Amino acid sequence: MSDDNDELALQTFRALVESADRKFARVRDAPTYGHRSSQSHLFHKVFKAYMRLWKFQQENRAKLVRSGLNRWEIGEIASRIGQLYFSQYMRTSECRFLIEAYVFYEAILSRRYFQGSEASSSPKDLGVRFKELRFYARFLLVSLILNRVDMVKHLIERFVALVDDCKSNFRETNFKEWKQVVQEIVRFTNVDKGFSVRPMRYSATIDTHRASLPYVARFHAKRVLKFQDALLTSYHRNEVKFAELTLDTYRMIQCLEWEPSGTFFQRHTVKPHENGDMIDHSGASGIIDLNLAADMTDPMPPNPRKATLYRPSVTHLMAVMATICEELPADSVVLVYLSASGKAGLNNVSQMENSGSGGSSKYSRRKVFSQTSQQQNSGTSESQNNGNRELSCHDNYLWFGPKGNGGSNNLYPGDLIPFTRKPLFLIIDSDNSHAFKVLHGAERGETAALFLSPLRPLFKNPSDVNLHNGSQFTFFLTAPLPAFCQMIGLHPNESHTELYNEAENILTNAFTEWEIILCSSTSMDLVWAQMISDPFLRRLILRFIFCRSVISFLCPSEESEQYLPLCLPDLPTSVAPKSEAVRSAVMQLAGHFDVADSFYFTDT
């Protein structure tokens, strides 16, 4: 009779797994944008199916084990639930879903669900090993986004060891793709090894400037736009990435989210069972609390919803933009971040010739600027119009394609004009970004806010910088102080904590002053006035002001066209690159790091 009950339990379990997997397949490949209500309904149904499955295996664990249930099967269910939570985070940007995914993945790791047969003399089934590899890759991605640095390091070690073990035990199988995944995550994590004392996410403690808060609170425009949606994508050859997350997109995701307060995530290690027994959640009991989200009460506002596209085609990109704009709530603005080359087949930054130009002298830097400017001009198709240099019309695009130079891979400025019927904040990060100046004045209803990156990156010592480690402009928008240090060739580490903290204070004080100036201005364009109240957009504006000013003082004035970012419409002259309020802050920061002699503060 007991055997019959065990077999019935196993049959019921298999049926529940099959049902849950069918529902999971419907949402796994669902787009991460549009149709909010229908996606929420689908997520609820599949979550309910897995919750029922998880509860059943908990209540019938002994019967299922006697009938031959493997530990990896429990791990696979937990992995699916974690994957489900992560996909929901990607659709909603709600951090609680990301935390839930982490909880399930961490439980799989600590309870060794996929490693239960390691002690066996025979290697595990190849299919199970692939499931384990996928688990590590997914857990790495979640840990990376959550900035769990120690866990990322630990997972990389385990992941590398697992790939090596698979190559040894399954010699007839090619694990080339998994070796590439290992190379990707190592390269990704090596980029951001620089020391930083603050998160890229918006911290209510760090990024809310108390002195300027009354000015921000009192500021009222005729119209105030809410920032609720963003579209983020980068498409470059050889760009740093992990899975389908590129470095530039990762930085923008971090920049457009609230840093959790840290008080809402409290896991209960011991919980009473229905029969009064105590279950230790930290052990290998198989219990994972599916209702953890109900206990999370973070006071932070919701994150803007972000559609993150990996290497989209131009048509797909435009389709997503159309969907987001169509569903954009009234009096809302959508931020569109596009990072791509303006030339087919080029990397994200043009290569610089560093023939002995690494010194700090202004003479050597002028030589570098002259060389790179000549290279830029020699590689650009130009036409003469009344003696002025203009890009040919066929060069005015961003390139979204794997190879070739077909027009179907080109995103032209005119392609974006139809979307200006809705409020847009466009950030174009490209070596051809200035071609998109034509959007200003060509809108079809709403004046767009434009941030256009420099055409070339600028470094004090170009030979010391890996030019493939993400965009310098994006780095300034997401981590201004590390970007400044990279630009001038400084590499702070943990022994420089005090120096770095003081530099952060200088920058914070500057941003506070600039906020007061902006919110007291009577000449600010309505485009910026209606966005300045949003904390994320205001922070981007402040960082743009900083980036533009630093570059303006580092490069000779005759080379500024290549190296300065553009802002359209113009911001008030009171925060212009060389205005006293902005200039003094850059001078103070340069003096703090003892690099003032690298800047042109006097011959302006």
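Quick look at the structure, then. Fair warning: this is a prediction, and the values are worked out from it, not measured in the lab. (Residues numbered from 1 in each chain as written. Predicted model: local features only at pLDDT ≥ 70, side-chain atom pairs only at ≥ 80, totals over all residues. Heavy atoms only, no water.)

Within the element layout of this structure, phenylalanine 24 appears in helix α1 (residues 2-28). The class of phenylalanine 24 is buried, set by a relative accessible area of 2%. Taking C-alpha positions, phenylalanine 24 is 9.1 Å from lysine 45, a pair spaced 21 residues apart along the chain. If we skip the residues at most four places from it in the chain, phenylalanine 24 touches Val46, Tyr50, Arg80, Gln83 and Leu84. (Helix = DSSP H or I, 4+ residues; strand = E, 2+ residues; numbered from the N terminus. Buried < 20%, exposed > 50% of the residue type's maximum accessible area, 1.4 Å probe, protein only. Contact = heavy atoms within 4.5 Å.)

The next point concerns the pairing of strand β7 (residues 332-340). The side chains of a regular strand alternate, first on one face of the sheet and then on the other. The buried count for β7 comes to 9 of 9 residues, which makes it a mostly enclosed element. Residues of β7 alternate between two faces, with Ser332, Val334, Val336, Leu338 and Ala340 on one and Val333, Leu335, Tyr337 and Ser339 on the opposite face, all of them buried. Examined bridge by bridge, strand β1 (residues 226-235) and β7 share 9 bridges and lie parallel to one another. Paired with threonine 233 across the two strands is leucine 338, which belongs to β7. (Pairing = 2+ DSSP bridges.)

Turning to its location among the elements, threonine 474 is positioned in helix α14 (residues 472-478). Residue classification places threonine 474 among the buried positions, given a relative accessible area of 0%. Sequence-distant contacts of threonine 474, defined by excluding residues within four places in its chain, comprise Asp248, Arg251, Met252, Tyr337 and Asp429.

With 21 residues, helix α7 (residues 149-169) should reach 30 Å at 1.5 Å per residue; the first-to-last C-alpha distance of 30 Å fits that figure. Every buried residue belonging to α7 is among Met151, Val152, Leu155, Ile156, Phe159, Leu162, Val163 and Cys166, and all of these are buried. The arc that holds every buried residue of α7, seen down its axis, measures 135°, which confines them to one face. Turned more than 90 degrees away from the buried face of α7, the exposed residues are Asp150, Lys153 and Glu157. Tucked inside the fold, the buried residues of α7 contact α5 (95-110), α6 (126-145) and α8 (176-191). (Expected span 1.5 Å × (residues − 1). Arc of directions from axis to C-beta.)

Pairing in this open sheet of 6 strands is mixed, and the strands run β6-β1-β7-β12-β13-β14 from one edge to the other. Two strands bound the open sheet, and with one partner strand each, they are β6 (305-310) and β14 (566-568). Looking at each pair of strands side by side, their axes are set apart by 10° on average, direction ignored. Of the strands in this sheet, β1, β6, β7 and β12 (424-429) touch helix α10 (residues 247-255), which is tilted by about 165° from β1. (Axes fitted to C-alpha atoms, helices over the stretch in contact; angles between N-to-C directions.)

It is worth spelling out the packing of aromatic side chains at this point. The tally for this structure, following the rule as stated, stands at 38 aromatic pairs. When the centroid spacing of 6.1 Å and the interplanar angle of 70° are considered together, the rings of tryptophan 54 and phenylalanine 104 count as edge-to-face. Taken together, the positions of tryptophan 54 in helix α2 (residues 36-59) and phenylalanine 104 in helix α5 put the pair 50 residues apart, joining distant regions of the chain. The residues tryptophan 54 and phenylalanine 104 share a single accessibility class, namely buried. (Phe/Tyr/Trp six-rings, centres within 6.5 Å; stacked < 30°, edge-to-face > 60°.)

Applying the stated criterion across every chain, the model contains 20 salt bridges. Here arginine 22 ties to glutamate 18 by a salt bridge, and the two come within 3.4 Å at their closest N and O atoms. Within this pair, arginine 22 and its partner glutamate 18 are both found in helix α1, separated by 4 residues, close to a single helical turn. Assessed through its relative accessible area of 46%, arginine 22 is described here as partly exposed. Linking glutamate 515 and arginine 538 is a salt bridge whose minimum nitrogen-to-oxygen distance equals 2.9 Å. Of the two residues, glutamate 515 sits in helix α16 (residues 497-520) while arginine 538 sits in helix α18 (residues 535-554), which places them 23 residues apart along the sequence. The buried category is assigned to arginine 538, whose relative accessible area is 6%. The network of salt bridges with shared partners includes Asp21, Glu76, Arg80 and Lys131. (Salt bridge = Lys/Arg side-chain N within 4 Å of Asp/Glu carboxyl O.)

Now for helix α11 (residues 314-327). The periodicity of an α-helix, 3.6 residues per turn, causes residues three or four positions apart to be oriented the same way. Spanning 14 residues, α11 covers 20 Å between terminal C-alpha atoms, matching the ideal 20 Å at 1.5 Å per step. For α11, the set of buried residues is Val314, Leu317, Val320, Met321, Ile324 and Cys325. Buried residues of α11, seen end-on, are gathered within an arc of 130° and therefore sit on one face of the element. Those residues of α11 that are exposed and aimed more than 90 degrees away from the buried face are Thr315 and Glu326. Residues of α11 that are buried in the fold lie against β1, β6, β7, β11 (410-411), α13 (413-416) and β12.

Note that valine 27 resides in helix α1. Sequence separation of valine 27 and leucine 84 is 57 residues, and the distance between their C-alpha atoms is 8.3 Å. Sequence-distant contacts of valine 27, that is, excluding residues within four places in its chain, are made with Leu42, Phe43, Val46, Leu84 and Arg91.

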